[in-house]
Amino acid sequence: MLLNPKNLDLHYTDEQSRVIMQKIAEFFENKGIKKIKEDDHNRIWYADFLEFVKREKIFSNLLTPPQYGKGTRWDTWRNCAVSEILGFYGLAYWYTWQVTILGLGPIWMSGNEEVKKKTAELLLNGGIFAFGLSEKEHGADLYSSGMTLIPQGNGKYLARGSKYYIGNANEAGLVSVFGKIQGEIKDNYAFFVVDPKHEKYELVQNVCNSQNYVAEFKLNDYPITENEILSKGTEGWDASLNTVNIGKFNLGWASIGICSHAFYEAIHHASNRHLFDKAVTDFVHIKQLLTDAYARLLAMKLFALRASDYMRSASKDDRRYLLYNPIVKMKVTTQGEEVIDLLWDVIAAKGFEKDLYFEMATRDIRALPKLEGTVHVNMALIIKFMRNYFFKHGQFPEVPQKTEAVNDDFLFAQGPAKDLGKIRFRDYRLAYDSVSLSNVRIFKKQIRFLKTILLIGKPNKEQIKDFDFLLNLGELFTLVAYGQLIIESAKINSIEDDVLDQIFDFMVRDFSKFALRLYSKTSSTRVQMLLCRNMIKKPVVKPVRFEQVWKNNVYTLKDAYIF
């Protein structure tokens, strides 16, 4: 299940996708770890990668809807794989791909055919794109956006204001910019495109010390006409949130790629190092660390794969992806941090060495949960789904694995970004009842006590205002949805029962950890504390199962990939 670029077996249904993935891997394998690390340390703009993208028409083939290209499509299944491969080699390369996706979102969602045709041409010629949403003072608080379109009459405007943390804004073919129309009282939002080469576009600085160019830029009365406007009013607002739904999903896949590469380095080092006349991998605590890291990494990928199915199956009548999507952004990325921490305890001081990929991984893995505006942003979104997920189920057919070589049309026609509290879910118990494993059974008991809290120990008015209280409650809910999709994905991907039970070993422990935190809150009531105590469980310890997973799934990876 873990990505190995030297043995790509990505189960693609079409030759074009297989060729694209192989070419991307070959580019980095030929570049080599030494040059990748030199460019990282010296903060070299990745012109060689972008030249490769241009020559092979990588972004054009992957990110152009078929009506604007020849043999092109926007296929989430393979775009996830690209994010994973780019993260595997270096977050900088993933980043330029990621912000291009974000920049394209408002364009492909718009009705502006002229801009769409120009965008397709720019992509064909190797162009990258940027997403001008965040601001220095307001961050991603769209309500407070200071970028302003000032009407001049006859469909003309002057754009005035600045944006901050805008990747690719130094070299983008077009920048999609979010702002407000001056004088409009209600729904005064707008998206429009600007050209960084225009004299009224001021590139102020790169705000980060990295290979990437994460720009602060200003528009100094930049002239805008209706030809440059993508959307207005509620459509402009919806485009911003719907673009985030498409683009920020990739954060989890970058984490999976980073952790996979770091895992190979850690287990290779440990298995080939001897201390006290023993291989490091013979020590019990090292086996535990590596097995836990493997189980968490595999769970990350299983969940993200299944979440991709829900995205590709989505419709106006099935918007369940709006729960699973932020879990990929929040849970998968924070799990990535845990995986790196576990591996770092294995690789120890070697993890600081300048020639290893691991040195980059320890830095870059921290960025991903923060690129969405912190975990709290996603948790606030996730909590909105909790009531219906547990208590108001809908009727849905089982979602199949979605690997078809087709364009994901719905992602650019998601509709209004509202009514999240009305979204229904299939009964999660169908997934949990489909397996009979010792740790899954314990986890189901923990879920029942969580539901009881929501029924008889639900948060009072003061607790609802206490976001830290809700954050821990949300973590518990997130684990339930996380486990559901892991079980569904394990079935699709033929994961052995021993491995799935080992995954739920850490799931039971994590549930207990957050239950203890909720118990320990000063505002917790007696009923809540009692129920939290009942949630704290120990997973079933099966030495035979553990050894089987270690021997057959973990230790076999010791020399599987060496860069």
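This is a predicted model, so every value here is computed, not measured. (Residues numbered from 1 in each chain as written. Predicted model: local features only at pLDDT ≥ 70, side-chain atom pairs only at ≥ 80, totals over all residues. Heavy atoms only, no water.)

**Student:** Explain the overall build of the chain residue by residue, including any values.
**Tutor:** On a plain count of helices and strands, the chain comes out with 20 helices and 10 strands. In summary, the chain has a C-alpha radius of gyration of 24 Å against a globular reference of 24 Å for 563 residues, a match within 12%. Across its three principal directions, the C-alpha atoms of the chain cover 75 × 55 × 40 Å. The buried share among the 563 residues of the chain stands at 60%. Here the contacts in the chain between residues at least 6 apart in sequence split such that 80% fall between residues at least 24 apart. Put simply, the chain shows about 23100 Å² of open surface, and 51% of that area lies on carbon and sulfur atoms. Counting 75 positive and 67 negative side-chain charges, the chain places the averaged centre of each group 6 Å from the other. (Helix = DSSP H or I, 4+ residues; strand = E, 2+ residues; numbered from the N terminus. Rg over C-alpha atoms; globule rule 2.2 N^0.38 Å. Buried < 20%, exposed > 50% of the residue type's maximum accessible area, 1.4 Å probe, protein only. Contact = heavy atoms within 4.5 Å. Areas by Shrake-Rupley, 256 points an atom, 1.4 Å probe, with all protein chains shown as cover. Lys, Arg positive; Asp, Glu negative; His and termini not counted. Charge placed at Lys NZ, Arg CZ, Asp CG, Glu CD.)

**Student:** So, unusual backbone geometry: which residues are in play, and what are the values?
**Tutor:** Unlike most non-glycine residues, Arg43 shows phi in positive territory, near 55°. As for its placement among the helices and strands, Arg43 is situated in the loop between helix 1 (15-41) and helix 2 (47-56). The class of Arg43 is partly exposed, set by a relative accessible area of 43%. Residues other than glycine seldom take positive phi values, yet Tyr165 does so here, at roughly 65°. Secondary-structure assignment places Tyr165 in strand 3 (residues 156-167).

**Student:** Give a description of the packing of aromatic side chains that names residues and reports values.
**Tutor:** Using the criterion set out here, one finds 49 aromatic pairs in the structure. Here the basic side chain of Lys6 rests over the ring of Tyr561, its NZ or CZ set 5.2 Å away from the ring centre. For Arg320, the ring lying beneath its charged end belongs to Phe396, and the centroid distance is 4.1 Å. (Phe/Tyr/Trp six-rings, centres within 6.5 Å; stacked < 30°, edge-to-face > 60°. Lys NZ or Arg CZ within 6 Å of the ring centre and 35° of its normal.)

**Student:** Describe in detail the environment of Gly32, supporting the description with residues and values.
**Tutor:** Relative to the helices and strands, Gly32 is located in helix 1. Through-space distance from the C-alpha of Gly32 to that of Tyr89 is 9.5 Å; in sequence the pair is 57 residues apart.

**Student:** Before we move on, can you summarise the pattern of salt bridges with the specific residues and values?
**Tutor:** Using the criterion set out here, one finds 43 salt bridges in the structure. In this structure, Glu56 and Arg55 form a salt bridge, with 3.9 Å as the shortest nitrogen-oxygen distance. Judged by its relative accessible area of 25%, Glu56 is partly exposed. Close ionic contact of Arg366 with Asp341 constitutes a salt bridge, the shortest N to O distance being 2.6 Å. Here the residue Arg366 occupies a position in helix 11 (residues 357-370), and Asp341 occupies one in helix 10 (residues 321-347), the gap between them amounting to 25 residues. Exposure remark for Arg366: the relative accessible area of 25% places this residue in the partly exposed category. (Salt bridge = Lys/Arg side-chain N within 4 Å of Asp/Glu carboxyl O.)

**Student:** Explain a nonpolar patch on the surface residue by residue, including any values.
**Tutor:** On the surface, a nonpolar cluster with roughly 370 Å² of combined accessible area is contributed by Phe391, Leu455, Ile456 and Val527. Tracing the backbone through its elements, the reader meets Leu455 in helix 15 (residues 438-456). (Patch = residues over 30% accessible without salt bridge, like charges linked within 9 Å, V, L, I, M, F, W, Y side chains within 5 Å.)

**Student:** An account of the packing of helix 15 against helix 17 (residues 467-492) is needed here, citing residue identities and associated values.
**Tutor:** When two helices pack together, their arrangement is captured by the angle between the axes and the distance separating the axes. Between helix 15 and helix 17, the shortest axis-to-axis distance is 11 Å and the interhelical angle comes to 140°. Relative to helix 17, helix 15 is oriented oblique. Of the two possible hands of crossing, helix 15 and helix 17 adopt the one that is left-handed. Note on element contacts: helix 17 touches helix 15 through Leu473, Leu476, Phe477, Leu479, Val480 and Ile487, opposite Val440, Phe443, Ile447, Leu450, Ile453 and Leu454. Residue classes in the contact of helix 15 with helix 17 are distributed as 12 nonpolar, no polar and no charged. (Axes fitted to C-alpha atoms, helices over the stretch in contact; angles between N-to-C directions. Parallel < 35°, antiparallel > 145°, perpendicular 65-115°, else oblique. Left-handed = near helix turned anticlockwise from the far one by under 90°. Nonpolar A, V, L, I, M, F, W, Y, C, P; charged D, E, K, R; others polar.)

**Student:** How would you sum up a positive patch on the surface? Please name residues and give values.
**Tutor:** On the surface, Arg387, Lys392, Arg424 and Lys458 cluster together into a patch of positive charge. Relative to the helices and strands, Lys392 is located in the loop between helix 13 (386-391) and helix 14 (429-432). Classification of Lys392 by relative accessible area gives partly exposed; the value is 40%.

**Student:** Tell me about the nonpolar core, and please be specific about residues and values.
**Tutor:** Core analysis: the biggest nonpolar cluster contains 175 residues, and Phe49 and Phe263 have the highest contact counts within it. Ranked by the residues each element gives to this core, the list is headed by helix 9 (residues 284-312), at 17 residues. Leaving out residues up to four positions away in the same chain, Phe49 has contacts with Phe27, Phe28, Phe59, Leu86, Tyr93 and Thr96. Residues Ile166, Ala169, Val194 and Tyr213 belong to the second largest nonpolar core, which totals 22 residues. (Core = buried A, V, L, I, M, F, W, Y, C linked by side-chain atoms within 4.5 Å.)

**Student:** Could you give me a rundown of the side chain of Asn388, with the residues and numbers involved?
**Tutor:** With respect to the helices and strands, Asn388 occurs in helix 13. Asn388 gets classed as buried once you look at its relative accessible area, which sits at 6%. A distance of 2.7 Å separates a polar side-chain atom of Asn388 from the backbone oxygen of Gly421. Leave out the neighbours within four places in its chain, and Asn388 touches His393, Gly421, Lys422, Ile423, Arg424 and Phe425. (Polar contact = N/O pair within 3.5 Å; in protein donor to acceptor, adjacent residues only side chain to side chain.)

Taken by themselves, the reported measurements are silent on function.
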